[in-house]
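The chain contents come next:
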Amino acid sequence: MVENAKRILKRHGFEILLVLPMSLYILGFTIVPIFQSILMGFTDEYTGALSLSNYTYLFGRPNFTQSILNTVATALISLVFQLILGLGIASILKRQFRGKGLIRSLVLMPMGIPTLVSGVIAIYVFSTSGYLNEVLFRLGLIQTPVQWTRGGVLGVLVVVVADTWKVLPTMVLLLLAGLESIPQELYDAGEIDGASRWQAFRHITLPLLKPSITMSVLFRAVDAFRIFELPQVLVGQQIPYLATYAYEEYSNGNVNASGAASTILLVIILVFALFYLKVIDRGEGFGVED
């Protein structure tokens, strides 16, 4: 065994040296904290024994279940909206037209804006005296200002719109890369066979774009479910989310309850990823057949 280890080090020593810093970083700042949070969630704050007391405490709170529903609803609505809008914009940017460089720069601009700054910009738009109410008032559509961020469905939609504006460039880039990898010859052959644009999109674009769609959805789903800054800035505790709930519990000194809330969030992300890969993607996005 020692000889095998020496042989591996001799043959792949340089590669191991290159990978080691990143591996240690992931282990120390990702994997270890995740397991520590899970352990904290199952540890009683007073006795130190393994217990479900933190979960009993959380589900006994009046707005914790609502925070789960808000998190799931916002994530799913955001993913669908961002996927449709991102695919439409990516399809436009794939074409050649005058001013394409300027349009692409405008689309990608939100990537360079910090999330907290995006939240402040959204406040200027959606606050009671914001730009949106001003426009609606001047158009005669409202007589009194709409309280967009007070909570309820309107508050969730505001978070969805603000999140979409911030992360849409990432979705566009991933989908655009997939679109540009599809050979033009396939579309030319479909046109010769009399295929309409919709038929070409359905039978050529979508099947070949599925790996990019899968990557985009899973990549965005992780951020969508653990959304934190925008709800914290826009709606505060009027609309609780799992990430903001975990933060509030941590701020109040309930570290173990915060770990339990974070564990529930982790489980939701894993369940969504497995559901998408098994039921919707069925292994086709990564080229794996059952």
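Everything numeric in this text was worked out from a predicted model, so none of it was measured.

## Things to note about the environment of V235
Okay, so step 1: With respect to the helices, strands and loops of the structure, V235 is situated in the loop between helix 10 (229-234) and helix 11 (242-251).
Okay, so step 2: A relative accessible area of 3% means that V235 is categorised as buried.
Okay, so step 3: With 147 residues separating them along the chain, V235 and G88 place their C-alpha atoms 29 Å apart.

## Here's the deal with the nonpolar core
Grouped burial of nonpolar side chains is what soluble globular proteins tend to show.
Okay, so step 1: Grouped together as the largest cluster of nonpolar side chains are 41 residues, with contacts concentrated most on L58, F64, V172, F225, L242 and I264.
Okay, so step 2: For this core, the secondary structure elements donating two or more residues are helix 2 (53-60), helix 3 (64-94), helix 7 (152-180), helix 9 (197-225), helix 11 and helix 12 (255-281).
Okay, so step 3: The contacts of I264, once residues within four sequence positions are left out, are Y55, F59, F64, I68 and L242.
Okay, so step 4: One finds A122, L136, V156 and V158 within the second-largest nonpolar core, a separate group that totals 16 residues.

## Examining helix 2
Okay, so step 1: Within helix 2, burial applies to N54, Y55 and L58. Across the axial projection of helix 2, the buried residues extend over an arc of 95°, all falling on one side. Exposed side chains of helix 2 directed beyond 90 degrees from the buried face belong to T56 and G60.

Scoring rules and cut-offs
- Along each chain, the written sequence defines residue order, and numbers are assigned to residues from 1.
- The predicted origin of the model limits local features to residues at a pLDDT of at least 70 and limits the giving and counting of side-chain atom pairs to 80 or more, whereas totals for whole chains, interfaces and linings rest on all residues.
- Excluded from the side-chain calculations are hydrogens and water; all other atoms, namely the structure's heavy atoms, are used.
- Only DSSP runs of H or I with at least four residues qualify as helices, and only runs of E with at least two residues qualify as strands; both kinds are numbered from the N terminus onward.
- Categorising residues by exposure relies on relative accessible area from a 1.4 Å probe, with only protein chains included: less than 20% of the type maximum marks a residue as buried, more than 50% marks it as exposed, and the intermediate range marks it as partly exposed.
- Here the nonpolar core consists of buried residues drawn from Ala, Val, Leu, Ile, Met, Phe, Trp, Tyr and Cys, with membership extended through side-chain atoms lying within 4.5 Å.
- Every residue pair with non-hydrogen atoms within 4.5 Å of one another is taken to be in contact.
- An arc is given here, and it is the one of the directions from the helix axis to the C-beta atoms.

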